[in-house]
Amino acid sequence: MFSMICSAALCGIKAEIIHVEVDVGEGLPLFLMVGYLSSQVKEAQERVKTAMKNSGLRLAPRRITVNLSPADIRKEGAGYDLPIAVAVLASYGHIPRQALQGILMAGELSLNGEICPVRGVLPMVRQAAAAGFRCCIVPKKNEKEGAVIKGIRVIGVSTLQEVISYLNGKHAIEPAAFCMEDMLAAGKGAKYDFREINGQEAVKRAAEVAVSGMHNLLLIGPPGSGKSMTARCIPGILPDLSLEESLEISEIYSVAGLLQEQEPLILQRPFRSPHHTVSAQALAGGGRYPRPGELSLAHRGVLFLDEMPEFRRETFEVLRQPMEEGQIQISRVSGSITYPAKAMVVAAMNPCKCGYYPDLGRCSCTPGEIRHYLGKISQPLLDRIDVTIEAPEVAYGQLTSGRRNESSEEIRKRVVKAHEIQRERYEGTSIHFNSELTAEGIRSCCPLGEKESRMMEEAYERLGLSARGYYRILKVARTIADLAGSRRISCDHIAEAVCYRSIEKKFWDA
Amino acid sequence: MEEYWLWLCSQKELYRRHIACLLGRFATPEGVFRASKREIEKVGGISAEQAEALDKSRQGFDGRESLEKLEKQGMRFISIAQGQYPDRLRRIPDPPFGLFVKGGLPEEGKRSVGIVGARRCSSYGRRMAEKLAASLAQCGAQIISGMAMGIDGYAQEAALREGGASFAVLGCGADVCYPRQNRELYGRLPESGGVLSEYPPGREPLPLHFPIRNRLISGLSDVLLVIEARERSGSLITADLALEQGKDVYALPGRVGDPLSAGCNYLISQGAGIISSGKELLESLNFHKPNHKKKENPKNLLETREKVLYSCVDLHPKSLHEIASEAGLPIQEIMAALTALEMKGIVEEPMKNYYVRR
């Protein structure tokens, strides 16, 4: 007898509906599985058979055929265990077939019949709701994650026995409840606040400018100058996440299997800080069974690259395109998938190997060593960083001064205003922030007065700027003007932007 | 005759003292050339390998061909026997027997000033070296140095910029550009000055060559200026050699506790002249600056905000943060004003977000 139930496969952060079809018929006892399956899925038959036996179900030996369609999508993971088991049971008549209609389910079975959590429940439920399903049956540990989606019942189950009695109508299970507003309220307030950083005014200002235009930021300074601390504070001055953004991030985390049971929705902007030994795949995403990488996990948040010159060059090469396009495409034989990757990159580095240059009293590096150290930075990556600032060592006076520091909240208010201005200006274009401006856009959005053009010309000649550097300064000047609420870019805005220009070889020419 | 000098001075295995031993025994380079291998081996201080190499190199040696080859490389050879050999070097205790020259030699009638200092120098040192070299060059002095990274190179570049003459004494063959970073300077020196070396063409820059070479820097100079030197540095060796050769030594004072100035301050404590200002130095050296233009005080051209910041910046590079804590203005205004000062050319940014007066 034939029966069918729906499940879902993950493609990137999107889910695709998969039909799990089972036929139980006459013939030699056999368990046959088809439908472009990975070995993880093929192993399901042992788990399913044993879990059913241990749940007290004895099935007559028959020829069981399982098909997962459509057959052109590669199926991976252990989430098909539960739908396969349920469909088999339905074919044997243990579950009424009409009970399976309009239901999507996923879950891994353990040998004793318990149901274990799986990755990607959030996008699956989202897809199910969009496709008009009435109910999703998911592992108990994933139910909160699924309940985030409105307009669909999400039933959390912990054993196979429970699923059977639920589908037979013998046992009712309350759908998981989730109060979005409570979560949102609880999620406010970042962990790190700029109020905790004394001094470092220029660094704070640079961070504010960078965030306002979503420019990438580079901090240069000796060890212990608070570069990491500054970077950690940056998510706190980004505008609050909207629900849509929050769902988007949560989906990525769901696919990566990083969502916590207690916290089914990511409510704070992510901050990812991969170690410099990270591989290119781990940074950009990929692997035999693709998973989102650090850049995607930092989506709509901050990707912090500490000790930038220590990263391997190839690692950065893979970042170039995603940083430009805001998404990562991973191609495999079985098809290509896309992960979103709109993160602000914050990099930090020491000025030299020992970290103390230009303090010649303490720096023990030779000029050759300093050059070698700088030579390790990938130029293409440097070209994508608009704001560079030096983070000095904190003087004792600054550590102990009782001056009140500005809180992240106050800074964020200004940032939000700058973002608002940019949204209005770029209404109807593909651009969202000043950092995305092309040379063409710069000409139309950054008009300069006579005095200002003269200043840029002077800067170009006197400071030996490159064409790239020229455009970067204009983009940053545009952001500074937006922060000041000014329509026109003034000389002061340009002068400040010049201060943030990239490190040039000449700075290390001692 | 000159060919034999060239032959003898081109021996890679022989340093000055070996040549001196050989000449002590055979009197002339030709005598060495004609001596039998047996006789050479017997000379004290000459090893069997050196004798072997000497013996080998004279087989098939063609003096004219070697001189032509040198010429093709853009070099000349000048032996101590020639009239154009610098008199200043004749007067030092251990003059080299031959010089390989690219470009010219220091003129006898002109004053020459040696400027030496640390390779890894501060921007204060750089600034002062450039300033002094430039004003000395304007007064017609020739600048002698070692074309090293740091002070040496900066001083020589500044002299050339002012249209003056500068001479570099290398610790390797005159056809070898060392350090490579100074390629541009190396290329320009022969046109308005020269590059010289006592080592034969192609000789590598071995560490032991440099202290030996230093006696030529001091020897070719009438006065030696030490700009920045650490304790036990090469610049102090040069200063010692200059004193032995009876030259005046001047040192640029620095802050106590600054490792880069420790050597200079030591020299001063030992009685070296103090470079208190460029003008005073020129006066004490009896130089007269031609048609001295009175420079307008740069401060007169500034806006109020810029004046405040200009007074916060001094000759030692200060970080943006130090300046900010002194000036007490909002940080964005400080950045704007510093950039404005930088564009007006009175403040410089030697390192990222560090500022110094020009």
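No experiment lies behind these values; they were computed from the predicted model shown. (Residues numbered from 1 in each chain as written. Chains lettered and ligands numbered in written order. Predicted model: local features only at pLDDT ≥ 70, side-chain atom pairs only at ≥ 80, totals over all residues. Heavy atoms only, no water.)

Caption draft 1: Structural view of the interface of chain B and chain A. With 30 residues of chain B in contact, the opposing surface of chain A contributes 36 residues. Roughly 2900 Å² of surface becomes buried between chain B and chain A when both sides are summed, with 61% attributable to carbon and sulfur atoms. Of all residues in chain B, R120(B), M343(B) and K352(B) bury the most surface against chain A, accounting for 29% of the area lost on that side. For the interface between chain B and chain A, the tally reads 3 salt bridges. A salt bridge links E349(B) to R501(A), with the nearest nitrogen and oxygen atoms 3.0 Å apart. Between the two partners, chain B and chain A, sit 13 residue pairs in polar contact (both at pLDDT 80 or more). At the level of secondary structure, the elements contributing two or more residues to the side of chain B that touches chain A comprise α16 (320–327), α17 (331–343), β11 (347–351) and β12 (354–357) of chain B. It is α17(B) that contributes the most residues to the side of chain B that touches chain A, 7 residues altogether. Looking at the side of chain B that touches chain A, its residues break down into 14 nonpolar, 8 polar and 8 charged. (Contact = heavy atoms within 4.5 Å. Buried area = accessible area lost by both parts, 1.4 Å probe. Salt bridge = Lys/Arg side-chain N within 4 Å of Asp/Glu carboxyl O. Polar contact = N/O pair within 3.5 Å; in protein donor to acceptor, adjacent residues only side chain to side chain. Helix = DSSP H or I, 4+ residues; strand = E, 2+ residues; numbered from the N terminus. Nonpolar A, V, L, I, M, F, W, Y, C, P; charged D, E, K, R; others polar.)

Caption draft 2: Structural context of the sheet that holds strand β11 (residues 271–272) of chain A. Residues and elements named next belong to chain A. An order of β11-β14-β17-β10-β18 is seen for the 5 strands of this open sheet, with the pairing classed as parallel. Edge positions in the open sheet fall to β11 and β18 (387–390), since each of these has one partner strand only. As judged from the 4 bridges shared by strand β14 (residues 302–305) and strand β17 (residues 344–349), these two strands associate in the parallel manner. Each residue of the ladder has a partner; that of L305, found in β17, is A347. (Pairing = 2+ DSSP bridges.)

Caption draft 3: Inspection of the pattern of salt bridges at higher detail. Residues and elements named next belong to chain A. Across all of its chains, the model carries 46 salt bridges over all chains by this definition. A salt bridge links E245 to R269, with the nearest nitrogen and oxygen atoms 3.6 Å apart. Pair noted here: E245 is in helix α10 (residues 243–255) and R269 is in the loop between α10 and β11, with a separation of 24 residues, a long-range link. Taken together, the shared-partner salt bridges in this structure form one network comprising R205, E208, E406, R414 and E496.

Caption draft 4: Seen up close, the state of the cysteines. Inspection of the entire model under this criterion finds 0 disulfides over all chains. You can see C363(A) has no disulfide; the closest cysteine sulfur is in C352(A), sitting 3.7 Å from it. (Disulfide = S-S within 2.5 Å.)

Caption draft 5: Up close: helix α19 (residues 450–462) of chain A. Residues and elements named next belong to chain A. In a regular helix each residue adds 1.5 Å, so 13 residues correspond to 18 Å; α19 covers 18 Å between its end C-alpha atoms and thus fits that length. Within α19, the full set of buried residues consists of E452, M455, M456 and A459. End-on, the buried residues of α19 take up no more than an arc of 100 degrees, which puts them together on one face. Turned more than 90 degrees from where α19 packs its buried face, E450 and E461 sit exposed. (Expected span 1.5 Å × (residues − 1). Buried < 20%, exposed > 50% of the residue type's maximum accessible area, 1.4 Å probe, protein only. Arc of directions from axis to C-beta.)

Caption draft 6: Layout of the sheet that holds strand β9 (residues 273–274) of chain B. Residues and elements named next belong to chain B. Taking strand neighbours across the sheet as the criterion, the 9 strands line up as β1-β2-β6-β5-β4-β3-β7-β8-β9 in an open arrangement whose pairing is mixed. The open sheet is flanked by β1 (76–79) and β9, the only strands paired with a single partner. Pairing of strand β5 (residues 166–169) with strand β6 (residues 193–197), which is carried by 4 bridges, proceeds in the parallel orientation. Directly across from S166, in β6, lies its bridge partner G193. Seen against the sheet, helix α8 (residues 123–138) touches β3 (112–116), β4 (142–145) and β7 (223–226) and runs at an angle of roughly 170 degrees to β3. Running at roughly 155 degrees to β7, helix α12 (residues 234–244) makes contact with β3, β7 and β8 (248–251) of the sheet. (Axes fitted to C-alpha atoms, helices over the stretch in contact; angles between N-to-C directions.)

Caption draft 7: Layout of the domain arrangement of chain B. Residues and elements named next belong to chain B. According to the domain assignment, chain B contains domain 1 (2–103), domain 2 (112–194 + 206–284) and domain 3 (298–357). The centre of domain 1, based on its C-alpha atoms, is set 29 Å off from the matching centre of domain 2. Taken residue by residue, the interface counts 15 residues in domain 1 and 17 residues in domain 2. Taken over both partners, the interface formed by domain 1 and domain 2 buries close to 1200 Å², and the fraction arising from carbon and sulfur atoms is 62%. Three residues stand out in domain 1 for area buried against domain 2, namely Y15, R88 and K102, and they jointly supply 46% of the buried area on that side. Summed over the shared surface of domain 1 and domain 2, the number is 6 residue pairs in polar contact (both at pLDDT 80 or more). (Domains from an automatic or database assignment.)

Caption draft 8: Looking closely at the nonpolar core. Core analysis: the biggest nonpolar cluster contains 76 residues, and L218(A), M308(A) and M349(A) have the highest contact counts within it. Two domains each donate at least three residues to this core, and these are domain 1 (2–167) and domain 2 (187–508) of chain A. Setting aside chain neighbours within four positions, we find L218(A) in contact with M308(A), A347(A), A348(A), M349(A), L382(A), I385(A), V387(A), T388(A), I389(A) and I503(A). Judged by nonpolar contacts, the second largest core, of 75 residues, contains A202(A), M214(A), M456(A) and M343(B). (Core = buried A, V, L, I, M, F, W, Y, C linked by side-chain atoms within 4.5 Å.)

Caption draft 9: Structural context of the domain arrangement of chain A. Residues and elements named next belong to chain A. You can read the domains of chain A as domain 1 (2–167) and domain 2 (187–508). Computed from C-alpha atoms alone, the centre-to-centre distance between domain 1 and domain 2 is 44 Å. Between domain 1 and domain 2, the contact holds 20 residues from the first and 21 residues from the second. Summed over both sides, the interface of domain 1 with domain 2 buries roughly 1800 Å², with 59% coming from carbon and sulfur. Three residues stand out in domain 1 for area buried against domain 2, namely I13, R119 and R126, and they jointly supply 35% of the buried area on that side. Taken together, the connections running from domain 1 to domain 2 amount to 2 salt bridges. Applying the counting rule to domain 1 against domain 2 returns 7 residue pairs in polar contact (both at pLDDT 80 or more). Mapped onto the side of domain 1 that touches domain 2, the elements with two or more residues apiece are β1 (2–11), α4 (121–130) and α5 (143–147).

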